[in-house]
Amino acid sequence: MDKISNKEAMGEALVKMGKIDRDIIVLTSDARKSSSITDFVKELPEQFVEVGIAEQNMVSIAAGLAAAGKKPFITSPACFLSSRTVEQIKNDVAYSNTNVKIIGISGGLSYGALGMTHHSLQDIATIRAIPGMTVILPADRYETQNMVEALVSHKGPVYSRLGRNPVSTVYESKGYGFKIGKAVTLTQGSDITIIATGETVKIAVDSASELKKSGIACRVLDMHTIKPLDEDAVIKAAKETGRIITIEEHSIYGGLGAAVAEVVVQNHPAYMKIIGIPDEPAITGNPAKVFDHYGLSVPNVTMVAKKMLKK
């Protein structure tokens, strides 16, 4: 199967769901092409609103549509959508508990060569600190499609971040039982657990396969929902494996690793390592090379796991 980006999978799912549910309204800030919603615009023009480069206004308009009973989905680059609109997300969406779905596209290091202005490596920390917000990072095309379908019936505000580049599939189909707030156990293991989110889930799965060659049984959790976090799955992993690695395309502060650590330290302390972007402006370049530079790679993850197992 050809690789496609998660944002393309989102566009396909929105067309499908938009034809079924006419209350779905898609809004964008002059980003219909980069958001992969051009087909939605062509096929369902009456359910589309072009706001222009005015992300703050877009969030407030979406909140108004939700208050009127519509189901608005916002799509715009995550670097802008998660920073320029924080006040509107906090007040118009979260505080008012409006049914707005905020989809940040080309997130993380997707715009690798464009540097810090276009990287979104603080968005999870920012958004998950806002009361009432659900935060989801799907791993592949199937999880993205499942997420979009689930969000149509889900009541309440949600932030999701999707990548820009084609990605390998983690799942064989949509039929694996996606549920908001529940981690997916991709491999069983009792020696160590790797918890990943978004496009780093594939790295976790491949790392577990590599560790298996050395006789190491690695549990892999796809933590697609960072808020509300599946605390039961985390505590179970801490108790049964005693060692946890988290991998994320985000700052090491405030993201998946921090969320997992908050649960571990308060319930069942375990030996942890957080693999992500350190406290610096991320380097520029091809996203894959940037991943390698910061250790978001199978060789580094397996090395970290083996070192942890020696202690």
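Reading guide: rules and limits
- Residues numbered from 1 in each chain as written.
- Predicted model: local features only at pLDDT ≥ 70, side-chain atom pairs only at ≥ 80, totals over all residues.
- Heavy atoms only, no water.
- Axes fitted to C-alpha atoms, helices over the stretch in contact; angles between N-to-C directions.
- Helix = DSSP H or I, 4+ residues; strand = E, 2+ residues; numbered from the N terminus.
- Parallel < 35°, antiparallel > 145°, perpendicular 65-115°, else oblique.
- Left-handed = near helix turned anticlockwise from the far one by under 90°.
- Contact = heavy atoms within 4.5 Å.
- Nonpolar A, V, L, I, M, F, W, Y, C, P; charged D, E, K, R; others polar.
- Salt bridge = Lys/Arg side-chain N within 4 Å of Asp/Glu carboxyl O.
- Buried < 20%, exposed > 50% of the residue type's maximum accessible area, 1.4 Å probe, protein only.
- Pairing = 2+ DSSP bridges.
- Phe/Tyr/Trp six-rings, centres within 6.5 Å; stacked < 30°, edge-to-face > 60°.
- Lys NZ or Arg CZ within 6 Å of the ring centre and 35° of its normal.

Colleague: Can you help me understand the packing of helix α9 (residues 231–241) against helix α10 (residues 256–267) in this one?
Modeller: It is at 10 Å that the axes of α9 and α10 come closest, and there the two elements cross at 60°. It follows from the interaxial angle that α9 and α10 lie oblique. Helix-helix and strand crossings are classified by hand; for α9 and α10 the assignment is right-handed. On α10, the residues that touch E231, V234 and I235 of α9 are V260, V263, V264 and N267. By residue class, the composition of the contact of α9 with α10 is five nonpolar, one polar and one charged.

Colleague: Help me understand the pattern of salt bridges in this model?
Modeller: Two side chains bearing opposite charge may form a pair once their charged atoms approach each other closely. A complete count under the given rule lists 13 salt bridges for this structure. One salt bridge in this structure joins E240 and R219, with 2.7 Å as the shortest N-O distance. Taken together, the positions of E240 in helix α9 and R219 in strand β9 (residues 218–222) put the pair 21 residues apart, joining distant regions of the chain. The exposure class assigned to R219 is buried, which follows from its relative accessible area of 7%. K236 is the salt-bridge partner of E240, the closest N and O atoms lying 3.2 Å from each other. Here the residue E240 and the residue K236 both occupy positions in helix α9, the gap between them amounting to four residues, near one helical turn. It is possible to trace a salt-bridge network through shared partners that takes in K16, E149 and K174.

Colleague: For this particular structure, what's the right way to read the environment of R141?
Modeller: By the element assignment, R141 lies in helix α7 (residues 141–153). Among the residues examined, R141 registers a relative accessible area of 13% and is labelled buried.

Colleague: What exactly am I supposed to notice about the sheet that holds strand β10 (residues 225–227) here?
Modeller: What holds strands together in a sheet is hydrogen bonding between their backbones, with the strands either parallel or antiparallel. Within the open sheet, the seven strands sit side by side as β2-β1-β3-β4-β6-β5-β10. Their pairing is mixed. The open sheet terminates on both sides in strands that have one partner only, identified here as β2 (48–50) and β10. Averaged over all pairs of adjacent strands, the angle between strand axes in this sheet comes to 20°, irrespective of strand direction. Sheet topology places strand β4 (residues 101–105) next to strand β6 (residues 158–161); four bridges connect them, and they run parallel. Following the sheet pairing, I103 is matched in β6 by S160.

Colleague: Sorry if this is basic, but what is going on with the environment of A270 here?
Modeller: Residue placement: A270 occurs in the loop between α10 and β12 (271–277). Apart from the residues within four sequence positions on either side, A270 is in contact with A238, G242 and V264.

Colleague: Whenever I open this one, the packing of aromatic side chains confuses me. Can you help?
Modeller: Remark: the centre distance and the inter-plane angle together describe each pair of aromatic rings, the angle taken between the planes. Using the criterion set out here, one finds one aromatic pair in the structure. Residues Y171 and Y176 carry aromatic rings whose centres are separated by 3.7 Å and whose planes lie at 10° to one another, so their mutual orientation is stacked. Residue classification places Y171 among the buried residues on the basis of a relative accessible area of 7%. Take Y176: its relative accessible area is 21%, and that puts it in the partly exposed class. Over the aromatic face of F80 sits the side chain of R84, whose NZ or CZ is 4.4 Å from the ring centroid.

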